[in-house]
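So the chains spell out like this:
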Amino acid sequence: MNLSKKNGYGDSKVELQIAPLIDVVFLLLIYFMVTAALIKKEGDISFILPAPSDPEVQIDIPVEAVIEIGADSIVVLEGMRFSAKDRDLSDLTNHILGLKQIAVSQQSKFFVNLLPDGDALHVRVVDVMDACAAAKVDTLTFSKSL
Amino acid sequence: MKLRRVDTEEVEIDMSPMIDMVFLLLIFFIVASQIVKVDKVPIEIPAAMYAVVPEDETGRYIITVNQKGELYVGAVSEQVTIDELKEQVAMELEANEKLRIMIRADGQTKYEENEKIMTACAEVGAMDMIFAAFEE
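Rules of the game
- All residue numbers refer to positions counted from 1 along the written sequence of the respective chain.
- The lettering of chains begins at A and the numbering of ligands begins at 1, in the order of writing.
- Two thresholds apply to this predicted model, a pLDDT of at least 70 for residue-level local features and 80 or more for giving and counting side-chain atom pairs, whereas whole-chain, interface and lining totals are computed over all residues.
- Here, residues touch in the contact sense if the C-beta positions derived from the backbone fall within 7 Å of one another.
- Residue classes follow a fixed rule: Ala, Val, Leu, Ile, Met, Phe, Trp, Tyr, Cys and Pro count as nonpolar, while Asp, Glu, Lys and Arg count as charged, and any other residue, Gly among them, counts as polar.
- Whether two strands pair comes down to DSSP finding at least two bridges between them.
- Under the scheme used here, helices are H or I runs from DSSP no shorter than 4 residues and strands are E runs no shorter than 2 residues, and both carry numbers assigned from the N terminus.
- For helices, the fitted line uses only the C-alpha atoms of the stretch in contact; every axis is such a line through C-alpha atoms, and the angle between N-to-C directions lies from 0 to 180 degrees.
- We define a nonpolar core as a collection of buried residues of the types Ala, Val, Leu, Ile, Met, Phe, Trp, Tyr and Cys that are connected via C-beta atoms lying within 7 Å of each other.
- Whether a residue is buried, exposed or partly exposed follows from its count of other C-beta atoms within 10 Å of its own C-beta, namely 20 or more, 12 or fewer, or something in between, respectively; the C-beta atoms are built from the backbone.
- These descriptions rest on fixed angle ranges, namely under 35 degrees for roughly parallel, over 145 for roughly antiparallel, 65 to 115 for roughly perpendicular, and the rest for oblique.
- It is the rotation of the near helix from the far one that decides the hand of a crossing: anticlockwise by less than a right angle makes it left-handed, clockwise makes it right-handed.

Undergrad: It is not clear to me how the interface of chain B and chain A should be interpreted in this structure. Could you clarify?
TA: A common measure of how large an interface is: the accessible area buried when the components associate. At the junction of the two partners, chain B supplies 42 residues and chain A supplies 38 residues. When the residues that make up the side of chain B that touches chain A are grouped by side-chain class, the tally is 30 nonpolar, six polar and six charged. Bridge count between strand 1 (residues 42-48) of chain A and strand 6 (residues 128-135) of chain B: seven bridges; the pairing is antiparallel. Each residue of the ladder has a partner; that of F47 of chain A, found in strand 6 of chain B, is M129 of chain B.

Undergrad: Help me understand the sheet that holds strand 3 (residues 75-77) of chain A, please; the structure alone is not making it clear to me.
TA: Sheet strands pair by backbone hydrogen bonding; their relative direction is either parallel or antiparallel. Residue and element names in this part refer to chain A. Overall, mixed pairing links the five strands, which are arranged 4-3-2-5-6 in an open sheet. Either end of the sheet is taken by a strand with one partner, and the two such strands are strand 4 (80-82) and strand 6 (140-142). This sheet shows a mean twist of 25° between the axes of neighbouring strands, independent of strand direction.

Undergrad: Would you mind showing me how to read the nonpolar core here?
TA: The tendency in soluble globular proteins is for nonpolar side chains to be buried as a group. Of all hydrophobic cores here, the largest spans 52 residues; its most connected members are V128 and C132 of chain A together with I101 and I103 of chain B. A total of eight residues in this core trace back to one element, the largest contributor, which is helix 4 (residues 122-134) of chain A.

Undergrad: Would you mind showing me how to read the packing of helix 3 (residues 90-105) of chain A against helix 4 of chain A here?
TA: Two packed helices can be described by the angle between their axes and the distance between those axes. Residues and elements named next belong to chain A. Where helix 3 meets helix 4, the closest approach of the two axes is 8 Å, and the angle between their N-to-C directions is 50°. The angle between helix 3 and helix 4 falls in the class oblique. Helix 4 is crossed by helix 3, and the crossing has right-handed handedness. Along the contact surface, helix 3 presents L92, T93 and I96, while helix 4 presents A131, C132 and A134.

Here's what the structure looks like:
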């Protein structure tokens, strides 16, 4: 007895449709390719707050660069003004490097003291910190706002 | 005249190597990409050319500040006042002496808001600070 022949089942081929699977896989691939490129990693700009120290211990007078940041985003270092449009502050970096050289020649410590106005925007503070990082400043402090 | 017999065999493209390759690419991108963290507090962190992406992100206490100066802390972005923040930082500092305070502030946040945080942290003894910035 040949049932399969009789019912006509033996002739049809069982085929797996892979086209929808490939479609889905392609969509997933495109999704991950696009999102992988869009993720931005957050970085760090670190600093240490000034701690109270014993005045008798401190012998060296360090070279200090006081940078003022105004509410109008104007940055001032030793009378030099940097406009709000100047985002990369390359001249400020050069000036800090010059002061750093003076500190090296005097064998003194060097640090940057930021004096932002209370209304100064955080983005401008970060710009100045970035300029300090460009000048490889390793000691950065904040003073009470103007 | 003898005619050549027409070849009746179907020409089929072998799809399996392509599928293999696509699967491998898919697995690569799934593994390489990170799960996007959706911030509860929408802020625009400023970009900095010299920001360094850290290798070790442990021992950090994250404080998020929005444009209005509202403070959010912890993984669940719980809103706190400056006094509550001070208490929490003091507690965290007891548990971990090398605690680093990470301030994630919006670019348009006024400095006085960040100053309040820094002062509060300094008062309880947390001196090591980080400002979050995107790599430019």
